[in-house]
Amino acid sequence: MMPRAPALASWMARSFPVAPARGLSFLAAIGRRRFSVAAAAASEVVDNPSAVDNKVVSPSSIRNVAIIAHVDHGKTTLLDRILRQCGANVPRERAMDSIALERERGITIASKYTSITWKGMELNVVDTPGHADFGGEVERVVGMVEGAVLVVDAGEGPLAQTKFVVAKALKLGLRPILLLNKVDRPSVTEQRCSEVETLVFDLFANLGASDEQLEFPVLYASAKEGWVSRAYTKCTEGEERTVAPLMDAIVEHVAAPHGDLHAPFRMLVSMMERDVYLGRILTGRIASGVVRVGDRVHGLRGTEGNSTPFDECKVVKLMKRKGTSTVLVDCAGAGDIVSVAGLSQPSIGHTVSAAEVTEALPAAAMDPPTISMTFSVNDSPLAGREGHQLTGPKIGERLMAEAESNLSIGVLPTAGQDAYEVQGRGELQLGILLENMRREGFELSVSPPAVMYKEENGKKLEPIEEVIIEVNDDHAGLIIEALSHRRAEFLEMGPCPEAVGRTRLSFTCPSRGLVGYRSVFSTDTHGTGFMHRAFLTYGKYRGPLGNVRKGVLVSMASGVITAHALMGLQARGILFVEPGMETYDGMVIGEHSRETDLEVNPVRSKELNNIRAAGKDENVRLTPPRMILLEEAIGYVAGDELIEVTPKAIRLRKKFLDASRRRTTKRAKKAD
């Protein structure tokens, strides 16, 4: 017998403890998976008498701001302190870094936003990556905001990637707020802060900032200790620790978003994620109008001045980030940042609008990619033993999905079977993609990175990067010599203002010369140096590189590697393998001590016979091998080699496994 209505409601409340939200159906409660529903305030956002209804926030009560900075200057830590002091539940440090690789490496990879309420104002804050390789994340989200908080390390000052992110913000007319972080350090003085302010002002002026942008407010902070001040201070124990001055500055200096609540709904998609139950979740700032759950909307694709409508659907859910959780809302209006679920085809750069709208919003301009790599099916003798995503179509589907959600990555099918050319901003960006794929169970072979050249007026151009290096005084000469072999041009040399015995070097260098240099740099400086690089421009081709890598030890047999064989080989160079690992003909097992490749037998075992020999019972003592990591392999591999990427191993191998074919190819190249 069917239970009565009160009993059914009681059973549903016990079995599915979901906070009440208007319009939330029983099936949606089961399929919510990742999206938590806040208690009473889930659909009641802000009551504002100037809004269209009591749930839509007026644009005058909204502030959209991005936090931009160089790598490790403290923007994500600052956002943690802001969330905590605004009452959000922050379960761990760097709460906005939600991707596993972000937490492991301590860097921000993808842009993310959250919303907080401050003195009756709705503040939408966007956290952006600081590394130039992820510049596409910055380019596509700065159009969502009207202001930017530039976080600069007061000790280091503005660096190469600071210039990169600032250029993007100033170009769109954002009014910046300068926040000098880490002023609690003993080496940071008031004089040093004044010097950094001057450097930032000069940077803005050189990038063509307007008079209004040059009148930026300056704040002093220690994100680690959780305080911001309008005047220089070290914030002693008795003083109040608060980020209120920063929040007040955002409300005061960042302009309210423009938008007509009575116009038809239009939103440019700036972020996209996928959910198993809800499908595509599209996030962006609403340019005009109001959107409600149940509204009919469609996608608009703008191409060469024309707009093509597609995928007309109904809005299934509307969501907003509140602190570190996601809540459901019934409606949202112009100027607000919201996530929409229900459409299956639109992606980043497309417009989602009311059905009567026929003109798409202009998409953000993206810088072109600078390097490319070829991803293909793994065809080595050890293929298929560790992964389960092995075929070319599977690899292609995954790459196309990545290109759809990350506009700075391009994917082109190649003439070869089951191979795809993947274009990106740098080796770190493509390394992150490869690491994600191997964790998802993919096996594939990857070619070495190739720089993407341009040709203008009959001249060959290549991408040039700005490089800023900080090293101990003893290592400066070694670094200058190493970069000279990589076609770098030396610009400037001087002492580091915040450290005694340290030197700061500035170069411009071709991108191809910096591929694989980071690991060499760490070795040369004994781990004490810092290198910052960012794309500068396309410049004249600077000629072939010097000799930047030695030859390799190539296995000439298949089987299990033995300690007996390695003991005789370790004098030939640096080994990449250890006893017990499997190898095959054509696999790279080490670096040769000379410039030429050497074929060796790492599976040779000790002969068992009854003949006594002087060295018969000698101990096997092996030097610990150099285990190649993925990013290091991308920079190390040569043009005639491939990287074998599997869920459990990273191996280097020759492109042609057969030794006779390698020799034939080498002779043919010499003849040409």
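Residues numbered from 1 in each chain as written. Predicted model: local features only at pLDDT ≥ 70, side-chain atom pairs only at ≥ 80, totals over all residues. Heavy atoms only, no water.

- For the protein, the name recorded in an unreviewed UniProt entry is Tr-type G domain-containing protein, with Sphagnum jensenii as its organism.

### Notes on the environment of Pro 544
Here is step 1: The residue Pro 544 is located in the loop between strand S27 (530-540) and strand S28 (552-555) in this model.
Here is step 2: In this structure, the C-alpha to C-alpha distance between Pro 544 and His 485, residues 59 residues apart in sequence, is 9.4 Å.
Here is step 3: Once residues within four sequence positions are removed from consideration, Pro 544 is found in contact with Arg 487 and Arg 512. (Helix = DSSP H or I, 4+ residues; strand = E, 2+ residues; numbered from the N terminus. Contact = heavy atoms within 4.5 Å.)

### Concerning the pattern of salt bridges
Here is step 1: By the definition in use, this model includes 31 salt bridges.
Here is step 2: A salt bridge links Asp 248 to Lys 119, with the nearest nitrogen and oxygen atoms 3.1 Å apart. Linking Asp 248 in helix H9 (residues 244-253) with Lys 119 in the loop between strand S2 (112-118) and strand S3 (121-127), this pair joins segments that are 129 residues apart in sequence.
Here is step 3: Look at Asp 248 and you get partly exposed, because its relative accessible area is 24%.
Here is step 4: By relative accessible area, Lys 119 is classed as exposed at 64%.
Here is step 5: The salt bridge involving Arg 385 is made with Glu 582; its shortest N-O contact spans 2.8 Å. Of the two residues, Arg 385 is situated in the loop between strand S18 (371-377) and helix H10 (392-405) and Glu 582 in strand S31 (residues 582-583); the sequence distance between them amounts to 197 residues. (Salt bridge = Lys/Arg side-chain N within 4 Å of Asp/Glu carboxyl O. Buried < 20%, exposed > 50% of the residue type's maximum accessible area, 1.4 Å probe, protein only.)

### Remarks on the pairing of strand S5 (residues 175-181)
Here is step 1: Here S5 lies mainly inside the structure; 6 of its 7 residues are buried.
Here is step 2: The pairing of strand S4 (residues 147-153) with S5 spans 7 bridges and is parallel. In the strand pairing of S5, Val 149 is matched with Ile 177.
Here is step 3: Read from S4 through helix H6 (residues 160-171) to S5, the crossover connection turns out right-handed.
Here is step 4: For S5 and strand S6 (residues 218-222), the ladder comprises 3 bridges, and the chain directions are parallel. Each bridged residue has a counterpart across the sheet, and for Leu 180 the counterpart in S6 is Tyr 220. (Pairing = 2+ DSSP bridges. Right-handed = clockwise from strand over helix to strand, strands pointing away.)

### Here we look at H9
Here is step 1: Across the 10 residues that make up H9, a large majority, 7, are buried.
Here is step 2: Taken together, the buried positions of H9 are Ala 244, Pro 245, Leu 246, Met 247, Ala 249, Ile 250 and His 253.

### Overview of the packing of H10 against helix H11 (residues 427-439)
Here is step 1: Orientation of H10 relative to H11, taken along the N-to-C sense of each, is 130°, at an axis distance of 12 Å. Comparing the axis directions of H10 and H11 gives the class oblique. In this structure, H10 meets H11 at a crossing whose hand is right-handed. Along the contact surface, H10 presents Ile 395, Arg 398, Leu 399 and Glu 402, while H11 presents Leu 433, Asn 436 and Met 437.
Here is step 2: Looking at side-chain class alone, the contact of H10 with H11 contains 4 nonpolar, 1 polar and 2 charged residues. (Axes fitted to C-alpha atoms, helices over the stretch in contact; angles between N-to-C directions. Parallel < 35°, antiparallel > 145°, perpendicular 65-115°, else oblique. Left-handed = near helix turned anticlockwise from the far one by under 90°. Nonpolar A, V, L, I, M, F, W, Y, C, P; charged D, E, K, R; others polar.)

### What to know about the pairing of S6
The two faces of the sheet receive side chains in turn, since in a regular strand these alternate between them.
Here is step 1: In terms of burial, S6 is a largely internal element, 5 of the 5 residues being buried.
Here is step 2: Residues of S6 alternate between two faces, with Val 218, Tyr 220 and Ser 222 on one and Leu 219 and Ala 221 on the opposite face, all of them buried.
Here is step 3: Direction of pairing for S6 relative to strand S7 (residues 227-229): antiparallel, over a ladder of 3 bridges. Pairing of Ala 221 across the sheet is with Val 228, part of S7.
Here is step 4: Between the antiparallel neighbours S6 and S7 lie 4 residues, among them Gly 226 with a positive phi of about 80°.

### Here we look at the packing of aromatic side chains
Here is step 1: Tallied over the full model, the rule gives 7 aromatic pairs.
Here is step 2: Summarising the aromatic geometry, the rings of Tyr 517 and Phe 521 are spaced 6.0 Å apart at their centres and angled 50° between planes, so their arrangement reads as tilted. In this pair, Tyr 517 and Phe 521 both sit in helix H14 (residues 517-524), 4 residues apart, roughly one turn of the helix.
Here is step 3: Positioned above the aromatic ring of Tyr 538, the side-chain terminus of Lys 454 is 4.4 Å from the ring centre. (Phe/Tyr/Trp six-rings, centres within 6.5 Å; stacked < 30°, edge-to-face > 60°. Lys NZ or Arg CZ within 6 Å of the ring centre and 35° of its normal.)

### Some points on the nonpolar core
Soluble globular proteins tend to pack their nonpolar side chains together in the buried interior.
Here is step 1: Residues Leu 150, Leu 178, Leu 180, Val 183, Val 200 and Phe 204 are the most contacted members of the largest nonpolar core, which totals 40 residues.
Here is step 2: Elements supplying a minimum of two residues to this core: strand S1 (62-69), helix H5 (135-141), S4, H6, S5, helix H7 (190-206) and S6.
Here is step 3: Here this core gets 6 residues from one element, more than from any other, and that element is H6.
Here is step 4: In this structure Leu 180 touches Val 152, Ala 154, Cys 193, Val 196, Glu 197, Val 218, Leu 219, Tyr 220 and Ala 221, once residues within four positions along its chain are discounted.
Here is step 5: Within the second largest apolar cluster, 31 residues are counted, among which are Leu 430, Met 437, Phe 442 and Leu 652. (Core = buried A, V, L, I, M, F, W, Y, C linked by side-chain atoms within 4.5 Å.)

### Quick look at the packing of helix H12 (residues 476-484) against H14
Here is step 1: In the contact formed by H12 and H14, the axes pass within 11 Å of each other and the chain directions differ by 155°. Considering their axes alone, H12 and H14 lie roughly antiparallel with respect to each other. When you trace H12 past H14, the crossing you get is right-handed. On H14, the residues that touch Leu 478, Ile 479, Ala 482 and Leu 483 of H12 are Tyr 517, Phe 521 and Asp 524.
Here is step 2: Of the residues in the contact of H12 with H14, the class split is 6 nonpolar, no polar and 1 charged.

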